[in-house]
Amino acid sequence: WDREVRSDFAIYTQVNLENVEKEAQDSNKLLKPQQTLQMQGNVILKTAQGIVNSDNIILDLLKKHATLEGLDTSKEGRIRIEVNLTELEKKPAQESQKNIETISQNSEPTQVLILASRAVLDNSKHQAMFEGDVEMERTPGDLYIHAGKIILHLNESQELQFIQAVQEVCFEQPGRVAKADQASFDESTQTILLEGKAEVQSGQYHLQGNSINLYLDVNKGIAQGDNKAPIQMTVLGEQTPAIFACR
């Protein structure tokens, strides 16, 4: 156990397998074992990988499932999650210390900050869902995403593979701002797919289309559409102010 948890009060519930079997025989019902921890009021959860602040957390320890809820939709009342993805992605103890030191020296730690009204973390599915005025910031790269819902997909090694954002999505990177009904950020191909009323402003260019493909690297490649979803491009003047912003 490598976690520190604090809250105003907590309720721990455990139903052992032995008790479940006995109760099932007595009631002729198939009951399942339970092991849950509910914490409420100024909840703080600290691990080596990050910090979670929430008003209410329900942990299902057997299913490796957690539900988090904020106090309200204000910046202070929402859930706040700070994660060091580099720490989360570290390999098991059998990996040599030399390799770990080489990785840490050659790359900047990847950190994520998320604000949301509600979150569901499912370790068995390697998935984290956030909803309710969600804001996500990731460094390095200074990627900022604002959406109604954001889902993070991880692999078995806890590496971030895919980000899905829906409901009035808007994101910013240095030199670029974009918005769409939904967006998909693919870490393996380093690409972004914008779908539904997509707009991108990058430098002097304003792009519009129903579907726009981008590279995560602002300086790499150009935007692309397809035969059914052409892109309309407008060249802006050097002194033209930003057409829209995410925050």
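The following paragraphs examine the structure supplied in this document. What you see as residue numbers is a count from 1 along each chain, following the sequence as written. Predicted model: local features are reported for residues with pLDDT of at least 70 only, side-chain atom pairs are reported and counted for 80 or more only, and whole-chain, interface and lining totals are derived from all residues. Working from all heavy atoms in the structure, the side-chain values ignore hydrogens and water.

Let's talk about the packing of aromatic side chains
Centre distance and the angle of the planes are the two values used to describe a pair of aromatic rings. Any two rings among Phe, Tyr and Trp, with Trp reduced to its six-membered ring, count as a pair given centres within 6.5 Å; such a pair is stacked if its planes are under 30 degrees apart, edge-to-face if over 60, and tilted if neither. Overall, the coordinates contain one aromatic pair when judged by the stated rule. Plain terms: the ring middles of phenylalanine 171 and phenylalanine 185 are 5.3 Å apart, the flat faces sit at 80° to each other, and that makes the pair edge-to-face. Residue phenylalanine 171 is located in strand 11 (residues 160-173), and its partner phenylalanine 185 is located in strand 12 (residues 176-186); the two are separated by 14 residues in the primary sequence. The burial state of phenylalanine 171 is the same as that of phenylalanine 185; both residues are buried. Both a distance and an angle decide whether a charge sits over a ring: NZ of Lys or CZ of Arg must be within 6 Å of the ring centre and within 35 degrees of the ring normal. Lysine 179 extends its terminal NZ or CZ atom over the ring of phenylalanine 244, reaching a point 4.7 Å from the ring centre. The ring centre of tyrosine 144 lies 3.9 Å from the NZ or CZ of arginine 247, which sits over that ring. Strands are runs of DSSP state E lasting at least 2 residues, helices are runs of H or I lasting at least 4, and numbering of each runs from the N terminus. Using a 1.4 Å probe on the protein chains alone, a residue whose accessible area is under 20% of its type maximum counts as buried, one over 50% counts as exposed, and one in between counts as partly exposed.

Concerning the side chain of glutamate 172
In this structure, glutamate 172 sits in strand 11. The class for glutamate 172 is buried, based on a relative accessible area of 17%. Polar contact is the term for a pair of N or O atoms within 3.5 Å; when the atoms are in protein, one must be able to donate a hydrogen and the other to accept it, and sequence-neighboring residues count only if both atoms are side-chain atoms. For glutamate 172, the side chain forms a polar contact with the main-chain nitrogen of cysteine 246, separated by 2.9 Å. A polar side-chain atom of glutamate 172 sits 3.2 Å from a polar atom in the side chain of arginine 247. Whether two residues are in contact is decided by their heavy atoms: any pair within 4.5 Å suffices. Leave out the neighbours within four places in its chain, and glutamate 172 touches Asp142, Leu143, Tyr144, Val177, Ala245, Cys246 and Arg247.

A closer look at the pattern of salt bridges
Salt bridges are defined by distance alone: a side-chain nitrogen of Lys or Arg within 4 Å of a carboxyl oxygen of Asp or Glu. With the rule as written, the count across this model stands at nine salt bridges. Across the pair glutamate 137 and arginine 247 runs a salt bridge, and its minimum N-O distance is 3.6 Å. In this pair, glutamate 137 is assigned in strand 9 (residues 127-139) and arginine 247 in the segment after strand 15 (232-235), connecting sequence segments 110 residues apart. Assessed through its relative accessible area of 35%, glutamate 137 is described here as partly exposed. Residue class for arginine 247 comes out exposed when judged on its relative accessible area of 59%.

Description of the pairing of strand 5 (residues 65-69)
When strand 4 (residues 50-60) meets strand 5, the two strands line up antiparallel, connected through five bridges. Paired with asparagine 56 across the bridge in strand 5 is glutamate 69. Examined bridge by bridge, strand 5 and strand 8 (residues 118-122) share five bridges and lie antiparallel to one another. Directly across from glutamate 69, in strand 8, lies its bridge partner arginine 118. Pairing between two strands is assigned when DSSP locates at least 2 bridges connecting them.

Observations concerning the pairing of strand 13 (residues 191-202)
Summarising the sheet, strand 12 and strand 13 pair through nine bridges and their orientation is antiparallel. Its bridge partner lying in strand 13, valine 177 is registered against glutamine 201. In this structure, the hairpin formed by strand 12 and strand 13 is closed by a connection of four residues, where glutamine 190 is found at a positive phi of approximately 55°. For strand 13 and strand 14 (residues 205-215), the ladder comprises 10 bridges, and the chain directions are antiparallel.

Some points on the state of the cysteines
Disulfides are covalent bonds that connect the sulfur atoms of two cysteines. Here, the term disulfide refers to a pair of cysteine sulfur atoms separated by no more than 2.5 Å. This structure, assessed with the given rule, holds one disulfide. With a sulfur-sulfur separation of 2.0 Å, cysteine 170 is cross-linked through a disulfide to cysteine 246. With the S-S bond torsion at -80°, the cross-link from cysteine 170 to cysteine 246 turns out left-handed. Residue cysteine 170 is located in strand 11, and its partner cysteine 246 is located in the segment after strand 15; the two are separated by 76 residues in the primary sequence.

Regarding the environment of valine 134
Assignment of secondary structure puts valine 134 in strand 9. By relative accessible area, valine 134 is classed as buried at 1%. Setting aside residues no more than four positions away along its own chain, valine 134 makes contact with Ile114, Leu115, Ala116, Ile145, His146, Ala147, Gly148, Lys149 and Ile150.

A short note on the environment of leucine 37
As for its position among the elements, leucine 37 is in strand 3 (residues 34-47). For leucine 37 and isoleucine 58, which are 21 residues apart along the polypeptide, the C-alpha to C-alpha distance reads 5.8 Å. Once you skip the residues sitting within four places of it in the chain, leucine 37 turns out to touch Ala10, Ile11, Tyr12, Ile57, Ile58 and Leu59.

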